[in-house]
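Spelled out, the chains give:
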Amino acid sequence: MTGLPICARCGHYVPNDSEPGEGPGVSSMSVPADAEQIWVCLPCGWHEAWQQAHGELGTPDSWPLQVPERFYKGLGSC
Ligand SMILES: [Zn+2]
C-alpha cells in the first residue's frame, strides 16, 4: 500500500497502525505555537502528553524518535 500518511515523529501510520489513513491524527504539542503544525499519530499524541506531564517534551529536532510500545496499545495503559 502506498500513499498512507506516516507519522513524522515515530514512523508509524497516522492516525494509528490499525486504521491507517482513517483520520487526521493529532496536532503535535512539540511544535511551537507560531510554527506550522505537524500532524502526528494518536500514540504520539499520548506520548507527548505524557512527556509534557513529566517535563520531558522535546522538539521536532529530535524526530524521529522511539515511542514506548505501550503507547501503541491504547490510552489508559500508560
Ligand atoms: Zn507517531
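Let me begin by describing the structure that accompanies this report. Nothing here was measured: the structure is a model prediction, and the numbers come from that model.

### Some details on the overall build of the protein
(1) Moving on: Check the secondary structure of the protein and you find one helix and two strands.
(2) Moving on: If you list the helices and strands of the protein from N to C, you get β-β-α.
(3) Moving on: Whereas a compact globule of 78 residues would reach a radius of gyration of roughly 12 Å, the protein reaches 12 Å, a difference of no more than 12%.
(4) Moving on: In the protein, the share of contacts with a sequence separation of at least 24, taken over all contacts with a separation of at least 6, comes to 48%.

### Considerations on unusual backbone geometry
(1) Moving on: In this model, V14 is joined to P15 through a cis peptide bond whose omega is 0°.
(2) Moving on: With respect to the helices and strands, P15 occurs in the segment before β1 (26-27).
(3) Moving on: The residue after W63, namely P64, is reached through a cis peptide bond having omega -10°.
(4) Moving on: Mapped onto the elements of the fold, P64 is located in the segment after α1 (42-53).

### Digging into α1
(1) Moving on: End to end, α1 covers 17 Å across 12 residues, agreeing with the expected 16 Å (1.5 Å per residue, within 8%).
(2) Moving on: Three or more residues of α1 are buried, namely L42, P43, C44, G45, W46, H47 and E48.
(3) Moving on: On its buried face, α1 is in contact with β1 and β2 (39-40).
(4) Moving on: In the stretch just after α1, G55 is the one whose phi turns positive, near 70°.

Calculation rules
- Residues numbered from 1 in each chain as written.
- Predicted model: local features only at pLDDT ≥ 70, side-chain atom pairs only at ≥ 80, totals over all residues.
- Helix = DSSP H or I, 4+ residues; strand = E, 2+ residues; numbered from the N terminus.
- Rg over C-alpha atoms; globule rule 2.2 N^0.38 Å.
- Contact = placed C-beta atoms within 7 Å.
- Expected span 1.5 Å × (residues − 1).
- Buried ≥ 20, exposed ≤ 12 C-beta atoms within 10 Å, placed from the backbone.

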